[in-house]
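# Close look at the chain arrangement
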Amino acid sequence: MKDTIVGAAVAALLLVPSHSFTLPSSHRAAIPHGLSTTSSPPFQYASIEPQLYSTVSDSKKGADTTTKKYDPSDDFTGQSPSKILGEKVPYSDLTVGVLKESYPGENRVSIAPDSAKMLVNAGMSVVVETGAGEKASFSDASYVSAGCIVLPREQIYAQADIVTKIRPPDELEVPLLSKKTLVSMISPGINTDLYSELTKQETNVFALDCVPRMLSRAQTYDVLSSQANIAGYRAVIEAANNFPRFFAGQMTAAGKVPPAKVLVLGVGVAGLAAIQTAKNMGAIVRAFDVRAVTKEQVESMGATFLEVPIQEDGAGAGGYAKEMSDEYKAAQAQLMLDQAGDVDVIITTALIPGRQAPILVNQEMLDVMKPGSVLVDLAAANGGNVAQTEANKVLSTANGVTIIGYTDLPSRLASTSSTLFGNNVAKFLLSIGPQTTKEKGIFQIDMEDDAVQNMLIAYDGVARWPDKITPFSPPPPPPKAADDAVELSEEELLLAANEQQKADFIRNAGIASAASFALLAFGFNAGSSDDVSLLATFALAGLAGYQVVWGVAPALHSPLMAVTNAISGMTAVGGMLLLADGSQSGGLVPDSPSHWMGAIATLLSFVNIAGGFLITVKMLDLFKRPEDPNDYFEFYAIPSAVLVGGLGAAYLGGNLENVSGSVSIAAAICCIAAIAGLADQKTARTGNVLGIAGVSFGLAATLADMS
């Protein structure tokens, strides 16, 4: 997905293939806890917590530290080297360990109970550290109900073949992962010391932040996206909490409150989530991104896309945004300066992986913002997109602007974040092997799997990132056949045109001949002239309907379906006729089966009619733009009154049968014209009104016949 435009804090996942120790069934029965499974939703999340492993690098440099180092004499006797190094391992022999996060302020857990259940159902065993899900509102009992075993931390390391975490391991956890497999958010380009230590101790590392974003199925394992989605949503909530006004405008007796103006910088997953949330809360939303391709996404969500008056595309490799030219940056800065003085809330999401976050809101922009304005910086963990951002702090500038630099936004919705993160993890675990080998229930590291090959950054003591990894790129489109253009003379062109014309005539003559034989066969075998009349009506209606519907624009297919659904409610005519003829007593209260059926058919048909036209009106309102001219459908009441009035006059003065037939013709014409009107947005609303008129005329004519 995108690289420049991403969310705030990082999530980390640990996968440990050390086929070390599995509880015997007799022991498992004695422990009142079970095993865990996960399922995984797709998406992207960006910013990485940079100094997660600085203590190890400091100790290497001889820095004095009082942290107790791992001592092999403290090792757990159940631990043994991994067997999952490319071998086929049945799920029944695998144990997945879920650790409680030790990073300060981290409330999430790498696998939620629902995700754990998925793994258990697949045949794996899951052991969960006591209290691992407490901060995410998942009790130990909920894991037990999912089939997991809840154990102390030491036993998780001893018994788990695969260990999962969210944050990268700290220096106390790293030695315990020796000769195991770790699947986690590692950020090898930032946490170089951590990556080096894990590789040296032969930890096999799957880095979830190295997921190949252009591989469509890898979206299922994309913890970056799933967490960025939550970060974008939460950013708007935090902004609203600090903003001193409503997000939605209000008009009350006490006065008018204007809606908040929200500017989202960066239209990645987090940016789109922020746009949707702010729009749903009633704000006026604008967005900016250097990638022109995001314009359609922004506008489809009802926001305004801001454009720099310089033609330069910011789309980079892998769907990420690239760094722009100095000229573009200058024009962008002027655009942002103008917007900063106008908007109330700015949410920034721009982040280029492995690099300092670019400054999008500088001091000059901060100075022109209105007092009470709010900025939420989703790139705070990597330095921030706002000039004064400080990670994990809320600051107020001299002119009263609030800057929010939280790096734990997904953790502030710990339950949802953990569920989505766990789903990503579980689906990735269940894909390792079966995705390429097609052997169900067998875990196997297979380098033919593009996701595995890109995410496995350390294997058997060998560092694979970045040199030994082949970045995934989608296959190029098939090359177009070279046009061997041969210039023809005028005589040759005329000859070719004649041949094509002749072929078309022969084909059409064949179709017409077949239709002629079919019509003659029907005529010879028809029972009466009524059958021929019915076929004629059906054929003409089908031809007219085809010609009308064929021209409807794809964007108007939904309103078209609603209108045709309403028009199909003309089945009310049959119900009304049954009501007229089906009564044994001549009263309105149903007293016979046919009378009851007529009443039910009429009721359901009227529901269909009313619902169809109302839904069409609402859908067409979504297409209406402020600059569209007004409609004056009230003038159509004049011809409608003429027809209905004439029908009433015929009822009073005679010749009702012929007049009702004439009104029926008007009904049919209006219904067909209604569908034709939906062929173009300019006439779609007129088409809906004609449909209402056509159905109304048809019902009026039927009432006249009933009388």
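Everything below is about the structure printed above this text.
Below, the structure is looked at part by part. (Residues numbered from 1 in each chain as written. Predicted model: local features only at pLDDT ≥ 70, side-chain atom pairs only at ≥ 80, totals over all residues. Heavy atoms only, no water.)

### A short note on the overall build of the chain
Along its length, the chain carries 22 helices and 19 strands. The burial tally for the chain puts 45% of its 707 residues in the buried class. Contacts spanning at least 24 positions in sequence make up 74% of the contacts within the chain whose residues lie at least 6 apart. For the chain, the exposed area adds up to about 33900 Å²; of that, 60% sits on carbon and sulfur atoms. (Helix = DSSP H or I, 4+ residues; strand = E, 2+ residues; numbered from the N terminus. Buried < 20%, exposed > 50% of the residue type's maximum accessible area, 1.4 Å probe, protein only. Contact = heavy atoms within 4.5 Å. Areas by Shrake-Rupley, 256 points an atom, 1.4 Å probe, with all protein chains shown as cover.)

### Quick word on the sheet that holds strand β7 (residues 204–207)
A sheet is described by the order of its strands in space; here 8 strands give the open sequence β4-β3-β2-β5-β6-β7-β18-β19, paired in mixed fashion. Every interior strand has two partners, whereas the edge strands, β4 (149–151) and β19 (462–463), have only one. (Pairing = 2+ DSSP bridges.)

### Observations concerning the nonpolar core
For soluble globular proteins, nonpolar side chains are generally found buried alongside one another. Counting 46 residues, the largest nonpolar core has V96, L119, F206, L208 and F428 as the members making the most contacts within it. Among the elements that make up this core, the one with the highest residue count is helix α12 (residues 414–431) (7 residues). Grouped together as the second largest cluster of nonpolar side chains are 31 residues, V267, V269, A270 and A283 included. (Core = buried A, V, L, I, M, F, W, Y, C linked by side-chain atoms within 4.5 Å.)

### Points about the sheet that holds strand β11 (residues 284–288)
Pairing is mixed across the open sheet formed by 7 strands, whose spatial order is β12-β11-β10-β13-β14-β16-β15. Both outer strands of the open sheet, β12 (304–305) and β15 (394–396), are each paired with one neighbouring strand and no more. Relative to β11, strand β10 (residues 261–265) runs parallel, the two sharing 5 bridges. Bridge pairing in β11 links K261 to I284. Helix α10 (residues 326–340) contacts β10, β11 and β13 (345–348) of the sheet and is inclined by roughly 170 degrees relative to β11. (Axes fitted to C-alpha atoms, helices over the stretch in contact; angles between N-to-C directions.)

### Examining the state of the cysteines
All told, the structure shown has 0 disulfides when counted by the stated rule. Here C670 is not cross-linked by a disulfide; its sulfur's nearest cysteine counterpart is in C671, at 7.1 Å. (Disulfide = S-S within 2.5 Å.)

### Remarks on the packing of aromatic side chains
A ring pair, where both rings are aromatic, is described by two values, the distance of the centres and the angle of the planes. Within the structure shown, the criterion is met by 5 aromatic pairs. Centre to centre, the rings of Y195 and W465 are 6.3 Å apart; their planes meet at 75 degrees, and the pair counts as edge-to-face. On the criterion of sequence distance, the pair formed by Y195 in helix α6 (residues 192–200) and W465 in the loop between β19 and α15 (490–525) is long-range, its members being 270 residues apart. Of the residues examined, W465 reaches a relative accessible area of 32% and is grouped as partly exposed. Here the guanidinium or amino end of R167 rests over the ring plane of Y103, the centre of that ring lying 4.2 Å away. (Phe/Tyr/Trp six-rings, centres within 6.5 Å; stacked < 30°, edge-to-face > 60°. Lys NZ or Arg CZ within 6 Å of the ring centre and 35° of its normal.)

### Details of the pairing of strand β18 (residues 456–459)
As judged from the 2 bridges shared by β7 and β18, these two strands associate in the antiparallel manner. Bridge pairing in β18 links V205 to A458. By the bridge criterion, 2 bridges tie β18 to β19 in an arrangement that is antiparallel. Each bridged residue has a counterpart across the sheet, and for A458 the counterpart in β19 is A463.

### Some remarks on the environment of N423
Among the secondary structure elements, N423 is positioned in helix α12. Put simply, N423 and V223 are 200 residues apart on the chain and 9.0 Å apart in space, counted from C-alpha to C-alpha.

### Some thoughts on the side chain of K165
Mapped onto the elements of the fold, K165 is located in the loop between β5 (162–164) and β6 (181–184). We classify K165 as buried; its relative accessible area is 2%. For K165, the side chain forms a polar contact with the side chain of E101, separated by 3.3 Å. A distance of 2.9 Å separates a polar side-chain atom of K165 from the backbone oxygen of R167. (Polar contact = N/O pair within 3.5 Å; in protein donor to acceptor, adjacent residues only side chain to side chain.)

### Focus on the pairing of strand β14 (residues 374–377)
Of the two faces of β14, the one holding V374 and V376 and the one holding L375 and D377 are both buried throughout. Sheet topology note: the β13/β14 ladder contains 4 bridges and is parallel. Bridged to I346 within β14 is L375. One ladder, built from 3 bridges, connects β14 with strand β16 (residues 402–404); its direction is parallel. Each residue of the ladder has a partner; that of L375, found in β16, is I403.

### Topic: unusual backbone geometry
Backbone torsion omega between W465 and P466 reads -5 degrees, so that peptide bond is classified as cis. Structurally, P466 is set in the loop between β19 and α15. You will see that N392, though not glycine, has its phi angle at about 65 degrees, which is positive. Along the chain, N392 falls in the loop between β14 and β15. On the basis of relative accessible area, N392 is assigned to the partly exposed category, the value being 42%.

Don't take any of this as a statement about function, it's just geometry.
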